[in-house]
Amino acid sequence: MLHLTLLLHLLVLLLSPADATMNGEVPDFCGGDATGYGPVFEEQPVDTIYPEESPEAKITMNCRARANPPATYKWRLDSRDIDMDADDHYSFVGGNLVISNPVKNKHVGMYSCVATNDYGAIISREASVQFGYLDFFSSEERQSVRVKEGQGAVLLCAPPPHYPAELSFRWMLNEFPIFIQLDKRRFVSQTTGNLYISKVDASDSGNYSCFVSSPSISKSVFSKFIPLVPLAERPIKKYPADLKVTFPDTTALVGQNITLECFALGNPIPVIRWRKLDGQLPSTHELGMSGAHLHLNNVQFEDAGTYQCEAMNSKGKDYHSARVSVEAYPEWVDHINSTEKAIDSDYTMSCVASGKPKPYVRWLKNGTVYDKKEMKFTGLTFEDSGMYQCIAENHHGVIYANAELRVIACAPTFEHNPVKRVLGAKNSRVVIKCQPKAAPKPSFSWSKGTELLSNSTRMFIWEDGSLEILNVTLADEGRYTCFAKNDRGKANSTGSLSITEATKITLAPSNADVTVGESARMQCAASHDSSLDITFIWSLDGHVIDLHKDRQHYERTPNGSSNGELLIKNTQLKHAGRYSCTAQTPLDNVTASAQLVVRGPPGPPGGLRVTDITDKSVRLQWSCGADNHSPISKYTIQYRDSFSKDVWKDATTSPEVIEGNVETATVVDLFPWTEYEFRVIATNTLGTGDPSTPSAEVLTLEAVPVVAPSDISGGGGTSRELTITWTPVQPQYYSGPNFGYIVAFKPHDGSEWWRVTVADPEARRYVHKNASISPSTEFEVKVKAFNSKGEGPFSHTAIIYSAQDAPSEAPTRVEGKALSATEAIVWWLPISHSHVDGYQVKYWKKQDDSEGGAHRVAVPGKGNHTRLEGMKPDSHYLIEIRAYNAAGYGPPSPHFQIYTKKAPPSQPPRIIGKKLKGHLVNIAWEHVEPLWNESSIDGYKVLLRQQGHSTGMLYTTSRRTIDLPVPREGDFVVEVRATSEGGDGAVAQIHITGVPGGGVPAVQSLSLTCLLLLALLCLDL
């Protein structure tokens, strides 16, 4: 009787019409049956800057959406619909908005595009239209900037009004396009545009102009020139570092690149150093502009903190600190997606955004503000269908998420998703899915053959209709039918279940123990149903191993389809852990695991602290790192200081050898008043491990200097001077601030030492001037260093001599003569003074030049003549000569006068003929007539040279014609010029080509033959 009841129930389910409805008033509407869909943006407007001087008198705002049926478009300006008929500046091209001849006070604002079709409407992101401009600089002249050499200078740019704010700056020197090259001495702030010169020198003299570019509108302008006038000062003074460019508190966005600026004036040129006061500088940081720029790339939240720049030179330091905060643009954590939902069902739309500050989320439906605070629907209706948008916004930006919600109603149907054939492994769990399309959600029942199934300890019908069977056996094979029913009808679909043999591990991996660099094998084999494919998946501590990506260390041995052995090559410490082998078929999987121990060098020590800081030692404490299965035998301490920043050196410690069971030691033999970083490295029998994280920088205490200057020497200089020189002490031996030198000296036969303080730590000399010092007097000299803690030891005593007297005599019997229009020679009788280093010959044009513009020639001490060059033709020159030595110049000789020759002819000869006469070529030219202010013609010079050569055969003649030997093969040039007492005149040229078999040697041979014939004729006579 029970079987008959079940059979009748199944017949009722099977014979019921699939499209029957329980409520005929509402027709079926299944979204999957419709081909239409709501708008989806493919192109949206972007922020636009329109140059006020743009030759293209239009702005195009793009908008394009994919939709079926096609979308229609409208535009909004500042959230109000644009009336296309009321403003003829607007027009449509497709969905794009074109603004022709835009007007600043009418068309600036925030634009958005609305795309609409039968399924709803969506609104694009807002995009701004702004007018960009860069005015010209003021036409007012800029005032000169006068600065002493050695001091710093700031030239103000003062850019003109502009939009947008982003500008780039360069500076021109004297003329366009000569731009100054930036280096550690010169810097241009990309914030203000100002030019900073840390230390002015004479080469900086010139006219400077600020060149400003706006990349947004591709326009550049430049200022009036600013004259910079360096004022000579001797000696050039030193100035401490003084930061003039500093960075403000800065807010960066995650993923952004930012640049912090710092630049200092000072002499010597300051060095810029950067640090993060509350941690290490980010690993992605870069330095630019000789250290004046700190670039933070791809900024992350952990990069926030206080950053400090330090400018330092030998005269002092300057610091600046400011805060870098990191915030974030809105980003979706969870957002809406297009979906279909059954009528009368419940549904909640979720939009969650991250960002800093936390974004505010609002909702739109079909382009208008939706008045629900929570997008939670209870009992969906067709009116809830439409296009929805959630918008997340903070003051850094806005993001949109768009989705279509389609409410559907239809009877169950398996047309697109019938129940499928399912395979299941013996004793495993099997799920047969039943997923008809239906709205509202149907109720489900199952049968196996003619047997109606119900929930039991082994079988369970899920809420979504799926049938779960636990611990399947061969008896569970068969055909299974799913029945689905809702208030609009019912349907069914039949599939089948087949059972296969279960997969089993037959050879499990074993625990292994290896040393770094060795190889290890992990065995794994399994049995499985022969009708199924099997794969082996290996994982380490739960993470699947990518055998292709990690092929350098991992390899699967090809031992057959049922063997999954893993070879681990060249093992490293990171390869230690729990290895799991999973044998997997399409139906089931089984896993076995084993542990791999890798022994190797120790890991880095941690928790490094620096304590007990003195002038020459510090105490370090640390915690031991991982010993990696081999006891730590010893520790090594390394340091680096501010003088060798990138070089780590082994430190001297107490105890000298640091045993592996010790976690503290003292570093000795350090330099006082020096910044140090330390790190600790552990070693065991298998090698030396990675170093610890460096300690924070520490500064050792100050101490009295212990190193004296070296190479004490001197002498020379001008009369009545004692010049003392030395090699300065290196900065690492300063031992404290306010470093300088004490110079002590006394006459060799004196008893009292004179002491002088030199405050410049880089000084190399001191000159003592005293009218009572006799020339070439012997002195004893010594130098020592001092700082704020006291004075160091003196150097060895050196013997030096005071300066000689300058020569007291003038050269006599000065004579000379002009050699040409531009050269002369002069000679004299040397003086009898025993210490003469040389002679200075000074000459100048009497009529025009002042003596200050004279030419000067230096002649070594034993010389008594020289050639004067670069003179003007037909001019009256005055010449004076004086002897000199290290003490200075002696008195000048009486002025000697020379008159240069008139200029050589300026006109070249005009060549009028070239004739071949056997092995000779005849060249003829017209006579050159000199001008009234040129020298008369003495004759002509003719040069025969090969093309491309500067030398050749030179001939002279007083005639206006010459026979030249025909050269060998090749191209030759003949140059003809007039010659005069003023020199050689302008050149005329003619080209000739050599003749094969001819040449100069043949002509010379012919001449010798003629001479022999002439000699024989004379003998006959």
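The preceding data block contains the structure.
### Section: the sheet that holds strand E27 (residues 293-296)
Part 1: The three strands lie next to each other as E23-E27-E26, forming an open sheet whose pairing is antiparallel. The open sheet has two edge strands with one neighbour each: strand E23 (258-261) and strand E26 (286-288). Pairwise comparison of adjacent strand axes, ignoring direction, gives a mean angle of 25° for this sheet.
Part 2: Sheet analysis places E23 next to E27, joined by four bridges and oriented antiparallel. Bridging across to E27, Leu260 finds its partner in Leu294.

### Thoughts on the environment of Ser216
Part 1: Along the chain, Ser216 turns up in the loop between strand E18 (206-214) and strand E19 (219-222).
Part 2: On a C-alpha basis, the gap between Ser216 and Gly132 in space is 7.6 Å, while along the polypeptide they are 84 residues apart.
Part 3: The residues touching Ser216, leaving out its near neighbours within four places in the chain, are Ile49 and Pro164.

### Overview of the sheet that holds strand E52 (residues 535-540)
Part 1: If you trace the five strands from one edge of the open sheet to the other, you get E49-E57-E56-E52-E53, paired in mixed fashion. Two strands in the sheet have a free side with no partner beyond their single neighbour: strand E49 (512-515) and strand E53 (543-544).
Part 2: Pairing of E52 with E53 involves two bridges; the strand directions are antiparallel. In the strand pairing of E53, Leu540 is matched with His543.

### Overview of the environment of Ser713
Part 1: Note on placement: Ser713 falls in strand E68 (residues 710-714).
Part 2: With relative accessibility at 33%, the residue Ser713 sits in the partly exposed group.
Part 3: Separated by 85 residues in sequence, Ser713 and Ala798 place their C-alpha atoms 6.6 Å apart.
Part 4: In contact with Ser713, not counting residues within four places along its chain, are Thr723, Ile724, Thr725 and Ile800.

### Some points on unusual backbone geometry
Part 1: Cis rather than trans, the peptide bond between Asn68 and Pro69 has omega equal to 0°.
Part 2: When you line up the elements, Pro69 lands in the loop between strand E4 (64-68) and strand E5 (72-77).
Part 3: Positive phi is not limited to glycine here, since Asn471 has a value of about 50°.
Part 4: Inspection of the secondary structure puts Asn471 in the loop between strand E45 (467-469) and strand E46 (478-486).
Part 5: Residue classification places Asn471 among the partly exposed residues on the basis of a relative accessible area of 48%.
Part 6: Although it is not a glycine, Asp874 sits at a positive phi angle of roughly 50°.

Conventions used here
- Residues numbered from 1 in each chain as written.
- Predicted model: local features only at pLDDT ≥ 70, side-chain atom pairs only at ≥ 80, totals over all residues.
- Heavy atoms only, no water.
- Pairing = 2+ DSSP bridges.
- Helix = DSSP H or I, 4+ residues; strand = E, 2+ residues; numbered from the N terminus.
- Axes fitted to C-alpha atoms, helices over the stretch in contact; angles between N-to-C directions.
- Contact = heavy atoms within 4.5 Å.
- Buried < 20%, exposed > 50% of the residue type's maximum accessible area, 1.4 Å probe, protein only.

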